[in-house]
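# Coordinates in review
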Amino acid sequence: MITDIRKPNVSKVAKGTMGKNILIYGDGGTGKTSNAIKAPDTLVLGFEPGLAGLEGVRYFLMQNWTDFQQAVKLLTLAAADTKNPLPYKTVVVDGIDRMGILSEKYVSALHGANSISEVTGDARYSIWKDYANENDIQIMALINSPYSMIWIDHAATRKQSTPTGEEFDQIYPAGASQVAAKVFDECDICAYAQRQPNTVDGHEVLSTLFLRSDNSVATKTRFRKVVSFIPEWDYDKLEKAID
């Protein structure tokens, strides 16, 4: 409620990753999860078992959509409890392409089906609407939460067209558009992690993180001063790039 029109809120941009929504996507082995868990006071909501070899990670495995609903509810309710705060500053959602699979199973079951493709006729519009709404509710609850959010996804390739009708391949976040595209649209930074070839003498080169790119890769940032890419990226370099 506005009580004094002369005293508006004044926006402030926090430095680094804190308080931001960040999507990092790419192929396996590009450091997405291993770097995300280096963020301060991290909790991982994992949609796939991708923590092998990572010691001491606090996580919950999302085996079905109800697990995710419960996690989102508990995290958002606890965020409002200043007397008994949770020990988390960062929430990592690992595997948003699988999110869409689990949410489809959940919504399909509500309609008495195993998948959306089984539903026909007038009910098909209804189930697609329910599917989009269910994903929107859970995603936006986390997007609008006070936690720093890091969303992790795999990469896929799709055909796109230039204004003149020429087709080209674009790398983009994998998964259902009601999930991956929603997260992409709502995040402050969407970055692509690309594996790099080894040096000529066989030394490993760590992956490059692209925060800005041409149309061949889907990336975005709300911040004008962010660098285009981070060679051999890690969490500390990402933090500095956003400062």
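Shown above is the structure to which this text applies.
Attention in this report is confined to the structure presented alongside it. Not measured: the values here are computed from a predicted model.

A few words now on helix H6 (residues 235–242). If you check which residues of H6 are buried, you get Tyr235, Leu238, Ala241 and Ile242. Projected down its long axis, H6 carries its buried residues within an arc of 120°, all on one side. Exposed residues pointing more than 90 degrees away from the buried face of H6 are listed as Asp236 and Lys240. In this structure, the buried residues of H6 make contact with strand E1 (21–26), helix H1 (32–36), strand E8 (189–194), strand E9 (208–210) and strand E11 (229–230). Looking at where H6 begins, the residue whose side-chain oxygen comes 3.2 Å from the main-chain nitrogen of Asp236 is Asp234.

Let us look at helix H5 (residues 177–186). Of the positions making up H5, those classed as buried are Val179, Ala180, Val183 and Phe184. For H5, the angular spread of the buried residues around the axis is 120°, confining them to a single face.

Scanning the entire structure with this criterion turns up five aromatic pairs. Judged by centre distance (5.1 Å) and plane angle (55°), the ring pair of Trp65 and Phe68 falls under tilted. Of this pair, Trp65 and Phe68 both sit in helix H2 (residues 65–79), three residues apart, roughly one helical turn. Note on Trp65: relative accessible area 2%, which makes it buried.

The next point concerns the pattern of salt bridges. In this structure the tally under the stated criterion is six salt bridges. The salt bridge involving Lys159 is made with Asp169; its shortest N-O contact spans 2.8 Å. Here Lys159 is found in strand E6 (residues 155–161), whereas its partner Asp169 is found in strand E7 (residues 167–173), with ten residues between them in sequence. Judged by its relative accessible area of 53%, Lys159 falls in the exposed class. For Asp188, the salt bridge goes to Arg222, with nearest N and O atoms at 3.0 Å. Of this pair, Asp188 sits in the loop between H5 and E8 while Arg222 sits in the loop between strand E10 (220–221) and E11, placing them 34 residues apart in sequence. On the accessibility criterion, Asp188 (14% relative accessible area) is buried. The class for Arg222 is partly exposed, based on a relative accessible area of 47%.

Basis of the calculations
Residues numbered from 1 in each chain as written. Predicted model: local features only at pLDDT ≥ 70, side-chain atom pairs only at ≥ 80, totals over all residues. Heavy atoms only, no water. Buried < 20%, exposed > 50% of the residue type's maximum accessible area, 1.4 Å probe, protein only. Helix = DSSP H or I, 4+ residues; strand = E, 2+ residues; numbered from the N terminus. Arc of directions from axis to C-beta. Contact = heavy atoms within 4.5 Å. Polar contact = N/O pair within 3.5 Å; in protein donor to acceptor, adjacent residues only side chain to side chain. Phe/Tyr/Trp six-rings, centres within 6.5 Å; stacked < 30°, edge-to-face > 60°. Salt bridge = Lys/Arg side-chain N within 4 Å of Asp/Glu carboxyl O.

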